[in-house]
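Understanding the architecture of this molecule
This is what each chain is made of:
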Amino acid sequence: MLDGLRQRLDAVGLPFRALLLSDALMLLAMMVARVAVPWWIVHEGGAGHLALYAVVQAVVAFVSMPLLSPLGDRYSKRLLITLGLLIFAAEGAVMATLATLGIYHLWLVIALEALPVIAMSLILPASLSIAADLVPAERFADALALQKSAQAFGRLIGPVLGGTALAVSGTAAALWLHWVMVLAAAMLAWRIPSIARHPGEGGAKRWWRDLRAGLRATWSIPIERGRIAISFLVMVCFTPAVGMLVPLKVQSLGLSGAWLGACEAALSLGMLAGALGIAARLADYLGRYRAAIGGIMLEGLALALAGFTSNPYLLVICYAVTGVGLAMVMLVGQTHRMLAIPEDFRARIVAVSMMVMQIAGTLGPGLAGIALTSIPVREVYVVFGLAEFVFAFGYFLVPRYREFLALGHDEVRGWYGRQFPGAFRRAESDSGSPMSGKS
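Quick look at the structure, then. Just so it is clear, the model here is predicted, and its values are computed rather than measured.

**Things to note about the nonpolar core**
- Within the largest apolar cluster, 89 residues are counted, with the highest numbers of intra-cluster contacts made by Leu85, Met244, Leu245 and Tyr319.
- For this core, the element with the most residues is helix H2 (residues 14–68), which contributes 24 residues.
- Ignoring sequence-local partners within four residues, the contact set of Met244 consists of Leu50, Ala51, Ala54, Pro365, Ala368, Gly369 and Leu372.
- By size, the runner-up hydrophobic cluster in this structure holds 37 residues, among which are Ile221, Ala292, Ala340 and Leu407.

Written out as structure tokens, the structure is:
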């Protein structure tokens, strides 16, 4: 297994390995903060503060993602990723200082935590699409699997470190740890080669035309339109179930912050196990179509059980199973989508999808917060998990989705451009430039 991993790493080259290390450290740092900040809010302000924090974070992401996403198709992705990580680091230093001094004010925390959300609007579209720039097409599937594995490793270790820091030294120590790792990730990101971009002319007008082009292209592709609509419903349930409800569930059972770290780590362990082979084996056995939909159903059932159980060990197992389901969904569908989208539209179309998911990310925590005012967290959790399971059946209605996922990696490259050329011609016409013809 180690020899196989070494061969895959050698095949993708040094530039992509720098991205893998940066991604792993970035996710590691993010997960430390994801454990520390909500735990701080819950203990200082309770469920009401946490619900408000989650909603505002989602609103900021909803606004910033479409506004900043066109930059990923026009400027150096290395620059965007590094800049985003430096914003992260600056905010992390201020948050750690506040925690060290014992200063807590909800709106100050919300304002500061908006900065990493904006930074992720620079990082994510660039990070998710840069693999196609750094490796040859025949290695793209391996590269994406390695990237997900590196991210899952960061997601796995981060909560363990964050939970340990909380249990041993408190919130301030966890936040300083977060800051150190973000700085290291930024230094590694700067080692990624800078792919030449041609931003062109037009300033704000050009940026606005690019944004409209991404929205128009997404709406004109029936598979994307249908998939995003169902994913929106799924994410309304999934976002609070793996976000704001987790520390509330742990607190409701009278457990320590270390258990919160264990739950987050279990989710990441499941994702890592899925990325390292379980997802691929299930996709081979079930077929990509059934594996993608089955992964979401698995998530829903596991989260419903997480809400229902009072056993902390079973709770941790539920999050691990959820992680496996999430890896199945991401690795089966995302590889195909990235290969199918013409190169000049990758960051824009990915960002449109993220924008819609951020709307769901706003609505989900808001609904959960309202429900928590009159219903115990256990019942709210169960309802959200079962609702995700039910919404997964909607993917069976997405036009041509089965056909799309049945394509091989060679066949799917540029498939959107060949099957729906009008979507990109109309979008490029909107943006005031000829279609590049790349696919």
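Moving on, there is more to tell.
**Thoughts on helix H9 (residues 245–252)**
- Here H9 lies mainly inside the structure; six of its eight residues are buried.
- Within the span of H9, buried status applies to Leu245, Val246, Pro247, Leu248, Lys249 and Val250.
- Phi turns positive, to about 70°, at Gly254, one or two residues after H9.

**Let's talk about the pattern of salt bridges**
- For the structure shown, the criterion picks out three salt bridges.
- The salt bridge involving Glu264 is made with Arg34; its shortest N-O contact spans 3.3 Å. Within this pair, whereas Glu264 is found in helix H10 (residues 257–286), its partner Arg34 is found in helix H2, the two being separated by 230 residues in sequence.
- Of the residues examined, Glu264 reaches a relative accessible area of 3% and is grouped as buried.
- We classify Arg34 as partly exposed; its relative accessible area is 26%.

**Remarks on the environment of Met297**
- Inspection of the secondary structure puts Met297 in helix H11 (residues 288–308).
- For Met297, a relative accessible area of 15% corresponds to the buried category.
- Distance in space between the C-alpha atoms of Met297 and Leu326 is 10.0 Å, their sequence separation being 29 residues.
- Apart from residues no more than four positions distant in its own chain, Met297 is found in contact with Phe389, Ala392, Phe393 and Phe396.

**Here's the deal with the environment of Val60**
- Residue placement: Val60 occurs in helix H2.
- A sequence separation of 51 residues divides Val60 from Ala111, and the C-alpha atoms of the two residues are 9.9 Å apart.
- With residues up to four places along the chain from it excluded, the contact list for Val60 reads Ala114, Val117 and Ile118.

**Some points on the side chain of Lys249**
- Within the secondary structure, Lys249 is located in helix H9.
- Buried charge Lys249 goes without a salt bridge, the closest partner of opposite sign being Glu379 at 8.2 Å.
- Among the polar contacts listed, one links the side chain of Lys249 to the backbone oxygen of Thr309, at a separation of 2.8 Å.
- Aside from chain neighbours lying at most four places away, what touches Lys249 is Ala306, Gly307, Phe308, Thr309, Leu315, Val377, Arg378 and Tyr381.

The rules we used
- Residues numbered from 1 in each chain as written.
- Predicted model: local features only at pLDDT ≥ 70, side-chain atom pairs only at ≥ 80, totals over all residues.
- Heavy atoms only, no water.
- Core = buried A, V, L, I, M, F, W, Y, C linked by side-chain atoms within 4.5 Å.
- Buried < 20%, exposed > 50% of the residue type's maximum accessible area, 1.4 Å probe, protein only.
- Helix = DSSP H or I, 4+ residues; strand = E, 2+ residues; numbered from the N terminus.
- Contact = heavy atoms within 4.5 Å.
- Salt bridge = Lys/Arg side-chain N within 4 Å of Asp/Glu carboxyl O.
- Lys, Arg positive; Asp, Glu negative; His and termini not counted.
- Polar contact = N/O pair within 3.5 Å; in protein donor to acceptor, adjacent residues only side chain to side chain.

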